[in-house]
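Topology and contacts: notes
The residues making up each chain are set out below.
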Amino acid sequence: KVEVAVNIEPVGMDKRERYSVGLLLPFSIERNDSALSRVDADDWYDLTGIAAQFYSGAQLAIDSMERAGFKADIHVADVGGEPAVWNKTLKDPVLKNLDLYIGPFHRAAIEQVAGLAGTGHVVCPVAQSNKVLLGRPRVSKVVSGRTEHVQQIARFVARHHGNDNVILIRAGITGEKELQDQMERMLREALVAAGSDQVIDSSTIVYVGKRDAASVVARLQATRTNVIVVPSEDVELVTGLVNKLADSAERNKIIVFGMEQWQQMESLDAEKLDAISLHVPASTWIDRNDPRVVAFEKVFRERFQTDAGEYAFLGFDVALYYLTALMEEGRTFSDRYGTVATHPLHMAFRMQKAGDENGFRNESVLMLKHQNLGLVLAKP
């Protein structure tokens, strides 16, 4: 008996022996003449440093892919940080109809590249509004935004705390109504989907003022875990609420879910954040104790004679993911995003279409927990 193995290429993969990839980054080289000419100048123009870090991280990913057998012509272009620069750069015929574009960073530039990309895929590698995806099915946005963060909080609470004393905070703060409405809706839907008996109504929603947390403390239960969801980025409200809840943490078990922006609030005391077991969503997070991160930093430092910053990690993770997608799934990789698997250093990828006529957004969000005066990954 003879077994015959037949390799059948999946329909629509459009694989090629060699690909063309564009790295369109805001090096802003011309801006450095004026930036470095200042008397007090001590560094490059900000965008130059960001682009250089991203490019360096991407170079390490490209090296890794070449060792794996990936073949491509990499076109690197300086699209600057303003229309005058990218309008000129994007007229280069070499940049038309590439298989993959990583960058630019600016929304208007991305929209312009999407118009000249033909059937190539355009990757927005930095935080942008989901509006950049509207009507552009060949554009992907890899840094999750507020909508995905709210969704992650809702699902996490429903999955792990559906039977606890869930309290949703609402405050009459100008500009945050949409955020609060979104959280209320998603939390209600997530609890129902999880089969929880918990409901979001007048018994679980607490309305507060910027300096009034007494009504929240009054809802705490000593015999249950109190899960407090705070969809707000107002420093005054958040600081007062954290201080008040930390004072009550000795008598009550408290877990607070805040927003990613809380990490930037200098008014928040780390010990108090530990006391309330603060959880925050994050698009990216670098675990400096991870052996893979330590190894990457060592290689980066040896290669480029400088430390790897956040954008270096971003450049590596994004380039590795999309070059792997191109090599394994061909030019139509976006039809099979679910089959693309890499091991990113500081983020994760779960690409989902934002609508029939729209592009793809990354729904993957990391949940971090405040512990021992710092942040750690919370249980999945």
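For the structure itself, look to the data block above.
One structure accompanies this document, and this report is about it. (Residues numbered from 1 in each chain as written. Predicted model: local features only at pLDDT ≥ 70, side-chain atom pairs only at ≥ 80, totals over all residues. Heavy atoms only, no water.)

Another point: the packing of helix α2 (residues 46–67) against helix α11 (residues 310–329). Direction vectors running N to C along α2 and α11 enclose 40°, while the axes themselves pass 7 Å from each other. Our classification of the angle between α2 and α11 gives oblique. The handedness of the crossing between α2 and α11 is right-handed. On the side of α2, the interface is formed by Ile50, Gln53, Phe54, Gly57, Ala58, Leu60, Ala61, Ile62, Ser64 and Met65, while α11 contributes Tyr311, Ala312, Leu314, Gly315, Phe316, Val318, Ala319, Leu320, Leu323, Thr324 and Met327. Of the residues contributing to the contact of α2 with α11, the split by class is 16 nonpolar, five polar and no charged. (Axes fitted to C-alpha atoms, helices over the stretch in contact; angles between N-to-C directions. Helix = DSSP H or I, 4+ residues; strand = E, 2+ residues; numbered from the N terminus. Parallel < 35°, antiparallel > 145°, perpendicular 65-115°, else oblique. Left-handed = near helix turned anticlockwise from the far one by under 90°. Contact = heavy atoms within 4.5 Å. Nonpolar A, V, L, I, M, F, W, Y, C, P; charged D, E, K, R; others polar.)

The peptide bond linking Gly103 to Pro104 adopts the cis configuration, its omega dihedral lying at 5°. Mapped onto the elements of the fold, Pro104 is located in the loop between β3 (100–102) and α4 (107–116). Unlike most non-glycine residues, Asn97 shows phi in positive territory, near 60°. The phi dihedral of Gln305 falls on the positive side, at around 60°, and the residue is not glycine. Within the secondary structure, Gln305 sits in the loop between α10 (291–304) and α11.

A few words on the packing of aromatic side chains. Across all of its chains, the model carries 15 aromatic pairs by this definition. When the ring of Phe156 is compared with that of Phe257, the centres are 5.8 Å apart and the planes differ by 55°; the resulting orientation is tilted. Of the two residues, Phe156 is situated in helix α5 (residues 146–161) and Phe257 in strand β9 (residues 253–257); the sequence distance between them amounts to 101 residues. There is no split in this pair, since Phe156 and Phe257 are both buried. (Phe/Tyr/Trp six-rings, centres within 6.5 Å; stacked < 30°, edge-to-face > 60°. Buried < 20%, exposed > 50% of the residue type's maximum accessible area, 1.4 Å probe, protein only.)

This paragraph deals with the pattern of salt bridges. Scanning the entire structure with this criterion turns up 20 salt bridges. With a closest N to O distance of 2.4 Å, Glu148 and Arg361 form a salt bridge. Taken together, the positions of Glu148 in helix α5 and Arg361 in strand β12 (residues 360–362) put the pair 213 residues apart, joining distant regions of the chain. Among the salt bridges present, the one from Arg170 reaches Glu184, with a minimum N-O distance of 2.6 Å. A residue pair is termed long-range when its members are at least 10 positions apart, and Arg170 in strand β6 (residues 165–171) and Glu184 in helix α6 (residues 177–193) qualify at 14 residues. Given the relative accessible area of 16%, Glu184 is considered buried. Through salt bridges with shared partners, a single ionic network connects Arg170, Lys177, Asp181, Glu184 and Arg188. (Salt bridge = Lys/Arg side-chain N within 4 Å of Asp/Glu carboxyl O.)

In this structure, Leu100, Val142 and Tyr322 are the most contacted members of the largest nonpolar core, which totals 64 residues. For this core, the elements supplying multiple residues, two or more each, are β1 (19–25), α2, β2 (72–78), β3, α4, β4 (121–124), α10 and α11. If one sorts the elements of this core by residue count, α11 sits on top with twelve residues. (Core = buried A, V, L, I, M, F, W, Y, C linked by side-chain atoms within 4.5 Å.)

Bridging between strand β13 (residues 366–371) and strand β14 (residues 374–377) involves four bridges; their strand directions are antiparallel. Residue pairing for β14: His370 is matched across the bridge by Leu375. Counting the residues that bridge the hairpin from β13 to β14 gives two residues, and of these Asn372 lies at a positive phi of roughly 55°. (Pairing = 2+ DSSP bridges.)

Moving on, we get to the sheet that holds β3. Pairing within the open sheet is mixed, and its seven strands lie in the order β2-β1-β3-β4-β5-β12-β11. Edge positions in the open sheet fall to β2 and β11 (351–353), since each of these has one partner strand only. Strand-to-strand twist across the sheet, computed as the mean angle between neighbouring axes with direction ignored, equals 20°. Two strands pair when backbone bridges link them, and β4 and strand β5 (residues 139–141) are joined in this way by three bridges, in the parallel orientation. Looking across to β5, one finds that Val123 is bridged to Ser140. This element, α2, spans β1, β2 and β3 of the sheet and lies at about 160° to β1.

Further remarks concern α2. The end-to-end C-alpha distance of α2, which contains 22 residues, comes to 33 Å, matching closely the 32 Å that a straight helix rising 1.5 Å per residue would cover. Burial in α2 covers these residues: Leu47, Thr48, Ala51, Gln53, Phe54, Ser56, Gly57, Ala58, Leu60, Ala61, Ile62 and Met65. Positioned one or two residues after α2, Gly69 has a phi angle of 105°, which is positive. (Expected span 1.5 Å × (residues − 1).)

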